[in-house]
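Structural overview
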Number of protein chains: 2
Amino acid sequence: MKNKDRLIFVTNDDGYQAKGFEAALEVAREFGRVLAVAPATAQSGKSQAITMYDPLFLDKQRSEERLDVYSFSGTPVDCVKVTFDHLIGEQKVDLVISGINHGSNAATNVLYSGTMGAAIEGSFYGVPSVGLSLTSHDADADFEAAKEYARRIIASLLEHESEEQNRGICLNVNVPDIATEEIRGMRLCRQCRGIWQDDFFRHEDPRGRTYFWLSGGFSNYEPDAEDTDEWALKNGYVSIVPVQIDLTDYNRMAYLQDVLKQ
Amino acid sequence: MKNKDRLIFVTNDDGYQAKGFEAALEVAREFGRVLAVAPATAQSGKSQAITMYDPLFLDKQRSEERLDVYSFSGTPVDCVKVTFDHLIGEQKVDLVISGINHGSNAATNVLYSGTMGAAIEGSFYGVPSVGLSLTSHDADADFEAAKEYARRIIASLLEHESEEQNRGICLNVNVPDIATEEIRGMRLCRQCRGIWQDDFFRHEDPRGRTYFWLSGGFSNYEPDAEDTDEWALKNGYVSIVPVQIDLTDYNRMAYLQDVLKQ
């Protein structure tokens, strides 16, 4: 398909005003006409959440040549849903880009990530979906390397867009926060095992009520395994993990058959 | 382990005042001392979301013999985190129960479900975790069958609690909304493929602004496959799907290696 015929959908979880979102729009525009619907406010950590109890508002933020940007008052997944189920009508989306996130979504983060929640949701609709993240939380982070690798990965995916295996493919791409020329390349990885070791910041509000505020850091269960996304990032590579949504634990089926037999 | 020595953690996503939560507490108390921390408000559809931008408040709601119930102002996953990382101190939790949810969490619902988000989070801590759901959204639903099957499943799991494969096991259990005697038994299943076909309810608010409100229903991609949770529920069985959290799509690794090679 030619770039002029393609429709690219862009969303994120940091909200439509984030620098990383502009970076994603810039890359997306190189590949087609762009429709962007991003959360009105920061939605990090929202996972695959949907908004069930509140009405949601859609506002057009800007319109340029082959680019329309909306904000939506819900979660990243809500943004995907309102786009596919309402905004596009009979049009077909050819690629979903979610990001570029300010902060890593490697390893177990994929489960909490609103960026990846949206990418996964895009893949439900059968569209190739790429979640992009940079390992820096800085609001003014440098997205040059992330943009460059996003371009390469998207170009490769789109070269194969007519293939059956491309349908609904979903990638979790993380880019280390180093200069483009320091990056050693891309690595296809598996999701690293580990856990967020949480540490609640605990304090008293102005009225003397104790509150908790989530903090913490990632604890890697397998720091020496060289095929994980965490290893790739630590060693200067862009990590690419293909993601799927069947959570069935097939490996424990036989065990459970035995456990539940009595 | 004896029931008197066990610590059972209970949470849900419908909030600490839901009828299904009481049903879960009742079952949990048969197996050990119970510590329950549930959302202060309804948190359906919250998936694995964590609260990053707001302080959270923990309130003791009641205390009885071998039972403590708290509400927490965050998501189901926040409830798990504050319990394991703060409340229990040096104690060890022996089982996590999340539910009993008002509404099905079978098939693709597992990805949006706050009930299952909490169960999955429990399994991160290495604790056997059971998410329980009844296929009725009625606030006053009849939980008798769900309690009965929850008892059987938990008893079986705990009989094997010292086994290595039991560690961090996570089950997505759904119970059809029919009388206990009509249930044909339990079936170990895989997650059914399908998608939520969304339909946005669209209206104007009192000030003339258009709002969207998510609705829709599940569309089953494989209604004839007899090994899925959807099939089990439709045919009068309790469905049990073991759940794991490595989202890596190993099946597409070779394909992607080829795509990204250029």
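Note: the structure precedes this text.
Described below are features of the structure shown in this document. (Residues numbered from 1 in each chain as written. Chains lettered and ligands numbered in written order. Predicted model: local features only at pLDDT ≥ 70, side-chain atom pairs only at ≥ 80, totals over all residues. Heavy atoms only, no water.)

**Considerations on the interface of chain A and chain B**
The partner chain B presents 83 residues to the 83 residues of chain A that form the contact. For the pair chain A and chain B, the two sides together bury roughly 7700 Å², of which 63% comes from carbon and sulfur. Our count for the contact surface shared by chain A and chain B stands at two salt bridges. Residue D59 of chain B pairs with R209 of chain A through a salt bridge whose shortest N-O separation is 2.9 Å. (Contact = heavy atoms within 4.5 Å. Buried area = accessible area lost by both parts, 1.4 Å probe. Salt bridge = Lys/Arg side-chain N within 4 Å of Asp/Glu carboxyl O.)

**Digging into the state of the cysteines**
Residue and element names in this part refer to chain A. The final tally for this structure, using the stated rule, is zero disulfides over all chains. This cysteine, C189, is not joined by any disulfide, and C192 carries the nearest cysteine sulfur, 9.7 Å off. A relative accessible area of 1% means that C189 is categorised as buried. (Disulfide = S-S within 2.5 Å. Buried < 20%, exposed > 50% of the residue type's maximum accessible area, 1.4 Å probe, protein only.)

**A word on the side chain of N101 of chain B**
Residue and element names in this part refer to chain B. Mapped onto the fold, N101 is located in strand β5 (residues 95-102). Here N101 falls in the buried class, since its relative accessible area comes to 5%. With residues near it in sequence (within four places) discarded, N101 still touches D13, D14, T115, L132, S133, L134 and F143. (Helix = DSSP H or I, 4+ residues; strand = E, 2+ residues; numbered from the N terminus.)

**Points about the environment of L134 of chain A**
Checked against the element boundaries, L134 of chain A lands in strand β6 (residues 129-134). Residues L134 of chain A and N101 of chain A, 33 residues apart in the sequence, show an inter-C-alpha distance of 6.0 Å.

**Describing the nonpolar core**
Core analysis: the biggest nonpolar cluster contains 68 residues, and F84 of chain A together with F72 and F84 of chain B have the highest contact counts within it. In contact with F84 of chain B, other than residues within four places in its own chain, are F9, V93, V96, Y125 and V127 of chain B. (Core = buried A, V, L, I, M, F, W, Y, C linked by side-chain atoms within 4.5 Å.)

**A closer look at the sheet that holds strand β4 (residues 67-72) of chain B**
All names here are of chain B. Spatial strand order, β3-β4-β2-β1-β5-β6-β7-β11-β8: nine strands in an open sheet with mixed pairing. Both outer strands of the open sheet, β3 (58-64) and β8 (186-188), are each paired with one neighbouring strand and no more. Along the sheet, successive strands turn relative to each other by an average axial angle of 20°, direction set aside. Relative to strand β6 (residues 129-134), β5 runs parallel, the two being bridged by five bridges. (Pairing = 2+ DSSP bridges. Axes fitted to C-alpha atoms, helices over the stretch in contact; angles between N-to-C directions.)

**Some words on helix α4 (residues 114-124) of chain B**
Residues and elements named next belong to chain B. The element α4 is extensively covered by neighbouring structure, given that eleven of its eleven residues are classed as buried. Buried residues of α4: G114, T115, M116, G117, A118, A119, I120, E121, G122, S123 and F124, and no others. Here α4 starts with a cap whose side-chain oxygen sits 3.2 Å from the backbone nitrogen of T115, and that cap is S113. Once α4 finishes, G126 follows within two positions and takes phi at roughly 80°, a positive value. (Polar contact = N/O pair within 3.5 Å; in protein donor to acceptor, adjacent residues only side chain to side chain.)

**As for unusual backbone geometry**
Residue and element names in this part refer to chain A. In this structure, I100 follows G99 across a cis peptide bond, with omega equal to -5°. With respect to the helices and strands, I100 occurs in strand β5 (residues 95-102). The phi dihedral of R66 is positive, around 55°, even though this residue is not glycine. Tracing the chain through its elements places R66 in the loop between β3 (58-64) and β4 (67-72). Under the relative-accessibility criterion, R66 is labelled partly exposed at 34%. Phi is positive for A107, which is not a glycine, with a value near 55°.

**Section: the sheet that holds strand β1 (residues 7-11) of chain A**
Residue and element names in this part refer to chain A. Strand order in the open sheet made by the nine strands is β3-β4-β2-β1-β5-β6-β7-β11-β8, with mixed pairing throughout. Each having just a single partner strand, β3 and β8 (186-188) make up the two edges of the open sheet. When strand polarity is set aside, the average angle formed by the axes of neighbouring strands in this sheet is 20°. In the sheet, strand β2 (residues 33-39) pairs with β4 via six bridges, with the strands oriented parallel.

**Things to note about the pairing of β1 of chain A**
All names here are of chain A. Counting buried positions along β1 gives five out of five residues, so the element sits mostly inside the fold. The alternating pattern of β1 places L7, F9 and T11 on one face and I8 and V10 on the opposite face, and all of these are buried. Bridge count for β1 against β2 is four bridges, and the pairing is parallel. Bridge pairing links I8 to V34 in β2. Assessed by its sense of winding, the connection that carries the chain from β1 through helix α1 (residues 19-29) to β2 is right-handed. As defined by bridge partners, β1 adjoins β5 across four bridges and the pair is classed as parallel. Across the sheet, the residue bridging to I8 is L95, located in β5. (Right-handed = clockwise from strand over helix to strand, strands pointing away.)

**A closer look at the relation of the copies chain A and chain B**
There are two copies of the chain, and a rotation about an axis plus a shift along that axis relates them. Overlay of chain A on chain B (RMSD 0.0 Å): rotation 180°, translation along the axis 0.0 Å. The transformation relating the two chain copies, once decomposed into turn and shift, fits a two-fold axis. Take the interface residues of chain A: 100% of them recur as interface residues in chain B, which is what a same-surface contact looks like. (Least-squares fit on C-alpha atoms with pLDDT ≥ 70 in both.)

**Focus on the packing of helix α2 (residues 76-87) of chain B against α4 of chain B**
All names here are of chain B. Orientation of α2 relative to α4, taken along the N-to-C sense of each, is 25°, at an axis distance of 7 Å. Here α4 runs roughly parallel to α2, going by the angle between their axes. The handedness of the crossing between α2 and α4 comes out as right-handed. Two secondary-structure elements touch here, α2 through P76, V77, V80 and K81 and α4 through G114, G117, A118, E121 and G122. For the contact of α2 with α4, the class distribution of residues is four nonpolar, three polar and two charged. (Parallel < 35°, antiparallel > 145°, perpendicular 65-115°, else oblique. Left-handed = near helix turned anticlockwise from the far one by under 90°. Nonpolar A, V, L, I, M, F, W, Y, C, P; charged D, E, K, R; others polar.)

**Brief notes about the packing of aromatic side chains**
Considering all chains together, one arrives at 14 aromatic pairs over all chains under this definition. Ring geometry for F9 of chain A versus F84 of chain A: centroids 5.9 Å apart, planes at 80°, classification edge-to-face. Pair noted here: F9 of chain A is in strand β1 and F84 of chain A is in helix α2 (residues 76-87), with a separation of 75 residues, a long-range link. Taking relative accessible area as the criterion, F9 of chain A reaches 0% and is therefore assigned buried. You can call F84 of chain A buried: its relative accessible area is 12%. A centroid spacing of 6.0 Å and a plane angle of 75° characterise the contact between F212 of chain A and F72 of chain B, whose relative ring orientation is edge-to-face. Of this pair, F212 of chain A sits in strand β10 (residues 210-220) while F72 of chain B sits in strand β4, which puts the two residues in different chains. Looking at F72 of chain B, the relative accessible area reads 0%, which means it is buried. An aromatic cluster of at least three residues, connected via ring pairs, comprises F9, F84 and Y125 of chain A. Seen from the ring of Y149 of chain A, R152 of chain A lies directly overhead, with NZ or CZ sitting 4.3 Å from the centre. (Phe/Tyr/Trp six-rings, centres within 6.5 Å; stacked < 30°, edge-to-face > 60°. Lys NZ or Arg CZ within 6 Å of the ring centre and 35° of its normal.)

Any functional reading would require information beyond the geometric quantities listed.
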